[in-house]
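Given next are the chains, with one letter for each unit.
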Amino acid sequence: MKKTFISAIDEIKEIDDSTSLNNFKSKYLGKNSILYFYFRKLTTLNISERVQCSTILNNFKKKINNKINNKKIKLKDNKLINQRNQYFVDYTLPGRKIERGSLHPITMIIEEIKEIFSYLGFETYYGPELESVYYNFDALNIPYNHPARNISDTFWFNSKYVLRTQTSGMQIRILEKNPGPIKAIIPGKVYRRDYDQTHTPMFHQIEGLIVDTSVSFANLKWILENFIVQILKKNTKIRFRSSYFPFTCPSAEMDIQDKYGNWLEILGCGMVHPNVLQNCNINCNIYSACAFGIGVERIAMLKYSVSDIRRFFENDIRFLKQFV
Ligand code: DAH
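Residues numbered from 1 in each chain as written. Predicted model: local features only at pLDDT ≥ 70, side-chain atom pairs only at ≥ 80, totals over all residues. Heavy atoms only, no water.

## Thoughts on the packing of aromatic side chains
Turning to step 1, where the next piece is worked out: Following the criterion strictly, the structure yields 16 aromatic pairs and no others.
Turning to step 2, where the next piece is worked out: Joined through ring pairs, the aromatic side chains of Tyr-304, Phe-312, Phe-313, Phe-319 and Phe-323 make up one cluster.
Turning to step 3, where the next piece is worked out: A cation over a ring is seen here: Lys-63 above Phe-5, with NZ or CZ 5.5 Å from the ring centre. (Phe/Tyr/Trp six-rings, centres within 6.5 Å; stacked < 30°, edge-to-face > 60°. Lys NZ or Arg CZ within 6 Å of the ring centre and 35° of its normal.)

Following this line, the structure appears as structure tokens:
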């Protein structure tokens, strides 16, 4: 038994997992162990031999059991240490770099435009993107059969509401509430069924509205020219082209020449049509009004020399990072 005990002690020293420990237990204390073999043999011995041998066997059993229990505790401790090591935080390691977010280039341009106009006393207003047909078309003097209302140009929500195709509807909402002198700009998203190098189904406009007792087209022209010089911060070639919008008369569009000599249309403008003023109960004998609608993406394209408007909305971090 002594030999068996010595080899058991050697064996248990090497064990470092619970399966091997279970195997060890059944090898030395199980039903098929030498221990049990001797236990069974005890009946063949006389009383005094039986007492002596059973003391030896019980001693063996007790010692091996102790060893097994100690090993169990040790294995449990090792498991805990391993677990702890797995989540170990090394505070001396250098920190991971946190990427800094930034505003979208279009948001930055809108903020810049708001600031330029705020110096001239313009207040900023916002309106709904889901707009009623009345504000988006009817009140703006846009006839029932105008192509802009066409299903192929406009996102119709139902027969009474559209995703606004222009911020101009806000002219009406503002005029309804403020009959007196006013200088307002309205930035916002607008939607049209268009998709190519210079059009996306969603884009941004900044509507402008000035109402006062003697507003003239010359005032409008000065404000817009001054705005372009400030936002593009360089000498740019500008041209006004006469145009047509149902809600302004006379109407014009402003083009800017890009670095390749191409003219890019960036805004529409004009004197607010008397029908529109009347729709809002503004007395045309006292007040006159002018308005404009700036294409924000167009300004951004010129300012940053971006030739394809779609780049702004593809969420390509490499493109957006350039504006940080
Ligand atoms: N709403 C027009 C458009 O989306 C732009 C525009 C033209 C706005 C003339 C105006 C304006 O305020 O007076 O094309």
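## Some remarks on the site of the ligand
Turning to step 1, where the next piece is worked out: Near the ligand you find 15 residues, and of these Gln-166, Ser-168, Arg-192, Gln-205 and Glu-207 are the closest.
Turning to step 2, where the next piece is worked out: Within the side chain of Gln-166, an N or O atom sits 2.7 Å from a nitrogen atom of the ligand.
Turning to step 3, where the next piece is worked out: Taking Phe-292, its main chain carries an N or O atom lying 3.3 Å from an oxygen atom of the ligand.
Turning to step 4, where the next piece is worked out: For the ligand, the accessible surface in isolation is 360 Å², of which the surrounding protein chains cover 91%. (Near = heavy atom within 4 Å. Polar contact = N/O pair within 3.5 Å; in protein donor to acceptor, adjacent residues only side chain to side chain. Areas by Shrake-Rupley, 256 points an atom, 1.4 Å probe, with all protein chains shown as cover.)

## A closer look at the nonpolar core
Turning to step 1, where the next piece is worked out: Phe-117, Phe-227, Ile-228, Phe-292, Ile-299 and Phe-312 are the most contacted members of the largest nonpolar core, which has 40 residues in total.
Turning to step 2, where the next piece is worked out: Counting residues per element, the ones that place at least two in this core are helix H5 (105–118), strand S5 (202–212), helix H8 (217–232), strand S7 (248–257), strand S8 (263–272), strand S9 (288–295), helix H10 (296–304) and helix H11 (317–320).
Turning to step 3, where the next piece is worked out: It is H8 that contributes the most residues to this core, seven residues altogether.
Turning to step 4, where the next piece is worked out: Formed by 25 residues, the second largest nonpolar core is a distinct cluster that contains Val-133, Phe-137, Ile-182 and Phe-247. (Core = buried A, V, L, I, M, F, W, Y, C linked by side-chain atoms within 4.5 Å. Buried < 20%, exposed > 50% of the residue type's maximum accessible area, 1.4 Å probe, protein only. Helix = DSSP H or I, 4+ residues; strand = E, 2+ residues; numbered from the N terminus.)

## As for the packing of helix H3 (residues 34–41) against helix H4 (residues 47–86)
Turning to step 1, where the next piece is worked out: At their nearest, the axes of H3 and H4 sit 10 Å apart, and the two run at 155 degrees to each other. In terms of axis orientation, H3 runs roughly antiparallel to H4. Viewed along their axes, H3 and H4 form a crossing whose handedness is left-handed. On H4, the residues touching Leu-35, Tyr-36, Tyr-38 and Phe-39 of H3 are Leu-57, Asn-58, Phe-60 and Lys-61.
Turning to step 2, where the next piece is worked out: Partitioning the contact of H3 with H4 into residue classes produces six nonpolar, one polar and one charged. (Axes fitted to C-alpha atoms, helices over the stretch in contact; angles between N-to-C directions. Parallel < 35°, antiparallel > 145°, perpendicular 65-115°, else oblique. Left-handed = near helix turned anticlockwise from the far one by under 90°. Contact = heavy atoms within 4.5 Å. Nonpolar A, V, L, I, M, F, W, Y, C, P; charged D, E, K, R; others polar.)

## Notes on the pattern of salt bridges
Where side chains of opposite charge bring their charged atoms close, a pairing between them can arise.
Turning to step 1, where the next piece is worked out: A full pass over the atoms with the stated rule returns 14 salt bridges.
Turning to step 2, where the next piece is worked out: Ionic pairing is found between Glu-131 and Arg-173, a salt bridge with its closest N-O pair at 2.7 Å. Note that Glu-131 is positioned in strand S2 (residues 130–132) and Arg-173 in helix H7 (residues 169–177), a separation of 42 residues in sequence.
Turning to step 3, where the next piece is worked out: Of the charged contacts, one joins Asp-255 and Arg-241 as a salt bridge, the two residues approaching to 2.7 Å between their closest N and O atoms. One end of the pair, Asp-255, is in strand S7; the other, Arg-241, is in strand S6 (residues 238–245), and 14 residues separate them in sequence.
Turning to step 4, where the next piece is worked out: By relative accessible area, which is 30% here, Arg-241 ends up partly exposed.
Turning to step 5, where the next piece is worked out: Taken together, the shared-partner salt bridges in this structure form one network comprising Arg-239, Arg-241, Glu-253 and Asp-255. (Salt bridge = Lys/Arg side-chain N within 4 Å of Asp/Glu carboxyl O.)

## Topic: the domain arrangement of the protein chain
The accessible area lost on association of the parts is a frequent measure of interface size.
Turning to step 1, where the next piece is worked out: One can read the domain layout of the protein chain as domain 1 (2–86) and domain 2 (105–323).
Turning to step 2, where the next piece is worked out: Spacing between the C-alpha centres of domain 1 and domain 2 amounts to 89 Å. (Domains from an automatic or database assignment.)

## Some details on the side chain of Ser-168
Turning to step 1, where the next piece is worked out: Along the chain, Ser-168 turns up in the loop between strand S3 (161–163) and H7.
Turning to step 2, where the next piece is worked out: There is a polar contact of 3.0 Å between the side chain of Ser-168 and the side chain of Glu-207.
Turning to step 3, where the next piece is worked out: Discounting chain neighbours no more than four positions away, the residues touching Ser-168 are Leu-140, Glu-207 and Phe-247.

## Focus on the packing of helix H1 (residues 2–14) against H4
Turning to step 1, where the next piece is worked out: Two numbers describe how H1 lies on H4: the axes approach to 11 Å, and their chain directions differ by 5 degrees. With respect to H4, the element H1 is oriented roughly parallel. Contact residues: Thr-4, Phe-5, Ala-8, Ile-9, Ile-12 and Lys-13 in H1; Phe-60, Lys-63, Ile-64, Lys-67, Ile-68 and Lys-71 in H4.
Turning to step 2, where the next piece is worked out: In terms of residue class, the contact of H1 with H4 is made up of seven nonpolar, one polar and four charged.

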